[in-house]
Amino acid sequence: MKIYSKIFVIIFFVSNALCAVNLEELNLMPYPKSVNLLEGKFRVDENINLQVSKVSERLKKYSDKFLMRLANRTGIFLKNPFAAQANLTHNPNVIFEIDRIGSVKLNEDESYEILISTEKVKISANNDIGAIRAVETLNQLLQSDENGYYFPAVKIIDSPRFPWRGLMIDVSRHFIPVDVIKRNLDGMAAVKLNVLHLHLSDDQGFRVESKIFPKLTEFGSDGDFYSQDQIKEILHYANDLGIRVMPEIDVPSHTTAILTAYPELASLQLDYKIERKWGVMDPTLNPTLDETYEFLDKLFKEMSELFEDEYFHIGGDENNGNQWNANPEIQKFMKENNLQDNHPLQGYFNNRLLTILTKYEKKMVGWDEIFHPSMPTNIVIQSWRGKAALIESAKKGYQTILSNDYYIDLIQPTDFHYLNDPIPADVSLTDDQKKFILGGEATMWSEMISAETMDSRIWPRTAAIAERFWSPGNINDVENMYKRLEYISFLLEEHDLQHIKNYDRMLRRLTNNNDTESLRNLIAVIEPVKFYQRNDLREQTQQTPLTRIIDAATADAKVAREFNKLVDNYLNDNKNSTLKNEILQYLNLWKNNHSEIIEVAKKSPILLEIIPMSENLKNISEIGFEIINSISTNKKIENSQLNSFYMEIEKCKNPIAQTELMIVSGIEKLVKSLIQ
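Residues numbered from 1 in each chain as written. Predicted model: local features only at pLDDT ≥ 70, side-chain atom pairs only at ≥ 80, totals over all residues. Heavy atoms only, no water.

A.B. asks: Mind showing me how you'd approach the nonpolar core here?
C.D. replies: One recurring pattern in soluble globular proteins is that nonpolar side chains are buried together. Ranked by internal contacts, the top residues of the largest apolar core, which has 135 residues, are Leu138, Phe151, Ile181, Phe300 and Leu353. Core analysis: the next-biggest nonpolar cluster, separate from the first, contains 49 residues, Ala601, Ile627, Ala657 and Val671 among them. (Core = buried A, V, L, I, M, F, W, Y, C linked by side-chain atoms within 4.5 Å. Buried < 20%, exposed > 50% of the residue type's maximum accessible area, 1.4 Å probe, protein only.)

Below you can see the structure in the form of structure tokens.
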């Protein structure tokens, strides 16, 4: 879908163009299905009087938090800082009206309506979970003028496009503490995500207490794991937000941590230790042993009783088959059961797990690899390989969720994820087949993150993904998305998310508590390398420090993006002098920044690895400066000099310290403009 070829005429913007408050001023995300601005403003003052129409501890607690956030943002001393239950407040001016208590389950009604007049704010929803979704839209509506704070008069009718809107957090590769999980749950609720998928086991760690098999954490966790009481704490916290929590115990591969405790279940009898490196490993459970299923039956029963959600994820991905191929008994079993290769053998394994999970009233979820003709259609397939696999599964009647191109650990820009639709407009599915696509999940794999950096890798990009899961498919204007996202990123700090806060702390550490301005200027135009290049360029382990420049750099460098856009506008607007001056300001800043970086690095040697990148920024800025002046003065640049420019540009495309210089494309366009 080429979004830039479309004229921005989304219906809800056009229909209200003449209202007193322009809809363009509303920084809502996810954007609601229907927004109609009315005349007037509801003024926020100390007399806010909020009433919840039906007894709901969940909504009461959420409403109290909302009032506290409102007071903190405005500085207003509320006379009634707590929500009142029905019939306890006379003449309330903020009413949350619901019909029933919602259930935290798939396909629960999350629709709502908001009606704001000059006199009253009213939220109406079928249940308290829908009302919670409305509260976040209301929170985003708050505006200010010279007279104070207000909510614009508006009517909003909203409901989600997909029922499954998730975030997967891998707590196995690097353990993530409870408080970090909680604040990210708050962030999820703020953008209407409703599934937290916890990847609890892998080669690098088993992270949940088992009272039946205590050796799992004794030998497979380095002491970093969630007690069952902590899991219950997370589950209770998520329930209050209307968020499901789905566990994943990854089998039959990605099981090194399990096999450190129970090596007798392995396909090869080896001395297993927790894996410290990243990648696809050989250790795999033996699918021919009754003991394997006895173990998993007991473990899954315990985990099923702990995790209340009706869905249970078994992983099932990236089994390279090496151990199965090397075990003569497994090969004999395959021949006796007419299993031609490892894929039907894993189908056999998965069918036995399905029987176990069905016994405990759980529905099986797994990655693409669990798909096999022998599997019944009552499983859910999470597609990481691509849309082709998703569409094929949906055509065969399997429920699916999309994660392909929502891998936020791969450091791709926000617009890439935003324009990735679980059901593209041109998809070859019938309306009935489309219903099998439940939604999607952003995936935060944790090889390269720590508790300090995780928030910055999830947010704010995941807010844009959340909009893709919630909002109508025709809400897809990239420029408008970035404008709204900047404000939403700021609002997410209300939940103690540290994607902005930790950045400054990391810069102070990187400069050894010296001036951070020059480093800030450099990091503003670089990004970490994409996909899995970080490990390819320099091998990482579980003990690798995650405190370097690459860890402070963001996944979507705003300054670089804006500079490249500025160049496009300049070249498309007859070399506009105002745009030229803005470009020159950037180039001058970057030309002069290098000497400052050198001085800071003398006091903080951790920065030495980035000096060549700083020099590249200086050199390429000088090229840009010369090109702009050449265009302005009609001065011809000789071919030999142009060739040297191209050579420098190609050099600047190479990663340094596992980071990339993101203004290269803009400078390259300037050079090419001279020969077009």
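A.B. asks: Explanation requested: the packing of helix α6 (residues 228-240) against helix α8 (residues 290-306) in the structure shown.
C.D. replies: Packed helix pairs are specified by the crossing angle of their axes together with the interaxial distance, meaning the distance between the axes. One can describe the packing of α6 onto α8 by two numbers: an axis separation of 10 Å at closest approach and a directional angle of 40 degrees. Put simply, α6 runs oblique to α8. Touching Gln228, Ile231, Lys232 and Leu235 of α6 are Glu302, Met303 and Leu306, all from α8. The class makeup of the residues in the contact of α6 with α8 is four nonpolar, one polar and two charged. (Axes fitted to C-alpha atoms, helices over the stretch in contact; angles between N-to-C directions. Helix = DSSP H or I, 4+ residues; strand = E, 2+ residues; numbered from the N terminus. Parallel < 35°, antiparallel > 145°, perpendicular 65-115°, else oblique. Contact = heavy atoms within 4.5 Å. Nonpolar A, V, L, I, M, F, W, Y, C, P; charged D, E, K, R; others polar.)

A.B. asks: How should I be thinking about the packing of aromatic side chains in this particular structure?
C.D. replies: Two aromatic rings are characterised by how far apart their centres lie and by the angle between their planes. Taken as a whole and judged by the stated rule, the model has 18 aromatic pairs. Their ring planes at 90 degrees and their centres at 6.5 Å tell us that Tyr293 and Tyr348 sit as a pair that is edge-to-face. Here Tyr348 lies in helix α11 (residues 342-359) and Tyr293 lies in helix α8, a separation of 55 residues in the sequence. Look at Phe563 and Trp590: their rings are 5.0 Å apart centre to centre, the planes differ by 70 degrees, and that puts the pair in the edge-to-face class. Of this pair, Phe563 sits in helix α22 (residues 558-572) while Trp590 sits in helix α23 (residues 577-603), and the two are 27 residues apart along the sequence. For Trp590, a relative accessible area of 1% translates into the label buried. Looking at Arg468, its charged tip hangs above the ring of Tyr418, at a distance of 4.5 Å from the centre. (Phe/Tyr/Trp six-rings, centres within 6.5 Å; stacked < 30°, edge-to-face > 60°. Lys NZ or Arg CZ within 6 Å of the ring centre and 35° of its normal.)

A.B. asks: Would you mind going over the pattern of salt bridges with me for this structure?
C.D. replies: Close approach of charged atoms allows side chains of opposite charge to pair. In this structure the tally under the stated criterion is 47 salt bridges. Where Lys558 meets Glu486, a salt bridge forms, and the shortest distance between an N and an O atom there is 2.6 Å. Taken as a pair, Lys558 in helix α22 and Glu486 in helix α17 (residues 478-491) lie far apart in primary sequence, 72 residues in all. Classification of Lys558 by relative accessible area gives partly exposed; the value is 33%. (Salt bridge = Lys/Arg side-chain N within 4 Å of Asp/Glu carboxyl O.)

A.B. asks: Any chance you could explain helix α12 (residues 387-395) here in plain terms?
C.D. replies: For an α-helix, 3.6 residues make a turn, and residues three or four places apart therefore share a direction. Every buried residue of α12 is accounted for by Leu390, Ile391, Ser393 and Ala394. Burial along α12 is one-sided: seen end-on, the buried residues are contained in an arc of 160 degrees. Residues of α12 that are buried make contact with β16 (380-383), β17 (399-402), α14 (431-434) and β18 (437-444). Positive phi shows up at Gly397, right after α12, with a value of about 90 degrees. (Arc of directions from axis to C-beta.)

A.B. asks: Would you explain the side chain of Asn327 in this entry?
C.D. replies: Secondary-structure assignment places Asn327 in the loop between α9 (322-326) and α10 (328-336). Taking the relative accessible area as the measure of exposure, Asn327 reaches 10% and is therefore buried. There is a polar contact of 2.8 Å between the side chain of Asn327 and the backbone nitrogen of Glu329. With sequence-adjacent residues up to four places away left out, Asn327 is seen in contact with Ser267, Leu268 and Asn286. (Polar contact = N/O pair within 3.5 Å; in protein donor to acceptor, adjacent residues only side chain to side chain.)

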